[in-house]
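Survey of secondary and tertiary structure
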Amino acid sequence: MSDTTQKLSFLEKAGYSGADAAANFVFMTMVLFQLNFYTDTFGLSAGAAAAILLWPRLWDAVVDPIVGILADRTNTRWGKFRPWILITAVPWAVIMVLAYTTPKGWSMAAMVAYAAITNTLLMTIYSMNNMPYAALGGVMTGDLNERAKLNSYRFVAVNAAQFIVGGFTLPLVAKFALGHDRAYGWRMTMTVWAVVCLVLFLFTFATTRERIQAARAEPSPPKQDFLDLLKNGPWKIMFFWTLVHFAILSFRGGALYNYYHHYADKAAMFDFVEQLGLVASAAAEPRGGILETLGYIVHGDRANLAGSNVADVFNSIINMLGFGLTIIVIMLSPPLARKFGKKAVSAGGFALAALGTLAFYLLPPTATWGMMGLTAFIAVVYAPTIPLTWAIFADVADYSEWKTGRRFTGMVFATIGFALKSGLALGSASFLWIMQGFFNYSTKLPSAPDAVAGYRFTSGIAVGVLFAVCTVLLLAYPLSKRKTIHMADELAERRKKLASQTT
């Protein structure tokens, strides 16, 4: 069967989705909570945390192109990219737990070294797994509509994982910490997530297949692949877009965690969760049930909430609202892309997300329903962009093959991975640098008035401006709907000729 018309089964689409769901148990924990894990639980200063968040991720960004070169030149009976998912599954699970383990009785220098080493290892294994995984989606089928469907399945699974991570991590940490401490809560929660990751990686390996081969199979040196990429205009724009986009994610994650834990009014959040029946008095015995087990019951009194888990619960409800709506709306991306094109839908979504985020700055600390409403709006307009932008990366790989006659999918996704990891690193570190430099932030005084003003500014104004920058870059992206269809048709003809020559 021609790779350009290959229809993928439900099982293969679901199987492909599993590995990215697994990756998001690390990715979203990193985006939403890692910064505050290092400052609040691990005990690092803001400067040390910024360095540990920055350098391992920059190292990881360097590893991505290396993995891309190796993956493009891997040849096994299972394909080029699938074996990488298999061999990294167990190391991933082990290192994932170690990276969120807090040693006891160590000197601060030893703690900093441990955090740096384990985070570096986690980022390295992430590259070795996720970069070949991303490239795998580009060689399972050449059908543009099937690619869009595949990425829709993938990002439904991704957002399901993000829903679980965003909605259950903090309550589980607080639950496991009862009778122990926050560090124990983190270690046990990440152990649960690590087991889930291992199962999902094995599922992906078992159910997916690689089908696409380039129209010319002659090997080329990595240097030539990279030089050809530098001539690829669409790749240049998507490289910088990815850098800014993923800086938004890590920057916004750190800002919003602090926004809800230090800016939002705890009494207002208490009133909100009380309306949902999630409150018990501080003296009440645990009442049992699934919500109690998951840590979703707030034990406290409205007048004394300083030591309660009300911010954890409210923050998690907000996260679940956003990810839940994203899961629903993301399925609209294929029909929207067919009608308007990937570029138009993505640019429109980012523009509206910028407006919604800027409005966050206008909310008073008691506006819990306003926080819910804006979260819902941003999720709805942002959701269709998620699978479409990843499908755009596959179009960039097609563009390289169309121009050069050679396909180097691994290099395309590896360099995009470099931008992704660099963006994550700069986003987290920049949040801490801005908070220290402009708002006198100290990890020992996270609720100081200047710091609280910083959380409000960074989660609203700063993130809104970054969304606007992404919008401009997408508008400048040159591959329209008509151009991608033209490229796909020409590449299909080339592959048919190759197939006829080799049979």
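Scroll up for the structure.
By convention here, each chain's residues receive numbers from 1 onward along its written sequence. Local features in a predicted model are, by the rule used here, given only for residues with pLDDT of at least 70; side-chain atom pairs are given and counted only at 80 or more, and totals for whole chains, interfaces and linings are based on all residues. Note that the side-chain values use all heavy atoms of the structure and ignore hydrogens as well as water.

With that settled, consider the overall build of the protein. Think of it this way: any DSSP run of H or I at least four residues long counts as a helix, any run of E at least two long counts as a strand, and we number them from the N terminus. When you go through the protein residue by residue, the secondary structure sums to 19 helices and two strands. In terms of C-alpha radius of gyration, the protein reaches 23 Å, essentially the compact-globule figure of 23 Å for 503 residues. If you line up the protein on its principal axes, its C-alpha atoms span 80 × 45 × 45 Å. Residue burial in the protein is summarised as follows: out of 503 residues, 59% are buried. Whether two residues are in contact is decided by their heavy atoms, any of which lying within 4.5 Å being enough. Put simply, 83% of the contacts in the protein that link residues at least 6 apart link residues at least 24 apart. Accessible surface, the protein as shown: approximately 19,300 Å² in total, 68% of it carbon and sulfur. We take the radius of gyration over the C-alpha atoms and set the globule estimate at 2.2 Å times the residue count to the 0.38 power. Partly exposed residues are those whose accessible area sits between 20% and 50% of the maximum for their type, while under 20% is buried and over 50% is exposed, using a 1.4 Å probe and protein chains only. All accessible-area figures derive from a Shrake-Rupley calculation using a 1.4 Å probe, and residue coverage is judged against the displayed protein chains alone.

This next bit is on unusual backbone geometry. Residue Asn440 is not a glycine yet carries a positive backbone phi of 55°. If you trace the backbone, Asn440 turns up in the loop between helix 17 (409–439) and helix 18 (449–476).

Here Gly47 shows up in helix 2 (residues 46–72). Residue Gly47 is classed as partly exposed on the basis of its relative accessible area, which comes to 38%. Distance in space between the C-alpha atoms of Gly47 and Ala492 is 52 Å, their sequence separation being 445 residues.

By nonpolar core we mean a set of buried residues, namely Ala, Val, Leu, Ile, Met, Phe, Trp, Tyr and Cys, connected to one another through side-chain atoms within 4.5 Å. The biggest cluster of nonpolar side chains holds 156 residues, and the ones touching the most others in it are Phe27 and Met96. Residues within four places of Met96 in sequence aside, it is in contact with Phe25, Val26, Leu122, Met190, Trp193, Ala194 and Cys197.

When two helices pack together, their arrangement is given by the angle between their axes and by how far apart the axes lie. Relative to each other, helix 1 (residues 10–41) and helix 9 (residues 233–263) sit at 50°, their axes nearing to 9 Å. Considered as vectors, helix 1 and helix 9 are oriented oblique to each other. The hand of the helix 1/helix 9 crossing is right-handed. Each of Phe27, Val31, Leu32, Phe33, Leu35, Asn36 and Asp40 in helix 1 lies in contact with helix 9, whose residues at this interface are Phe246, Leu249, Ser250, Gly253, Gly254, Tyr257 and Asn258. To get an axis, a line is fitted to the C-alpha atoms, and for a helix only the part in contact is used. The angle between two axes follows their N-to-C directions and goes from 0 to 180 degrees. Here is the rule for angles: anything less than 35 degrees is roughly parallel, anything more than 145 is roughly antiparallel, 65 through 115 is roughly perpendicular, and the remaining ranges are oblique. What makes a crossing left-handed is the near helix being turned counterclockwise from the far one by less than a right angle; a clockwise turn instead makes it right-handed.

One turn of the α-helix equals 3.6 residues, which is why residues spaced by three or four share an orientation. Listing the buried residues of helix 10 (residues 266–275) in full gives Ala267, Ala268, Met269, Phe270, Phe272 and Val273. At its buried positions, helix 10 is contacted by helix 9, strand 1 (279–280), strand 2 (298–299), helix 12 (310–329) and helix 15 (368–382). With a side-chain oxygen positioned 3.2 Å from the backbone nitrogen of Ala267, the residue opening helix 10 is Asp265. Directly beyond the C-terminal end of helix 10, a positive phi value near 75° is found at Gly277. Pairing of N or O atoms within 3.5 Å defines a polar contact, subject to two protein rules: one partner must be a possible hydrogen donor and the other a possible acceptor, and residues neighboring in sequence count only if both atoms are side-chain atoms.

By themselves, these observations are geometric and do not establish any function.
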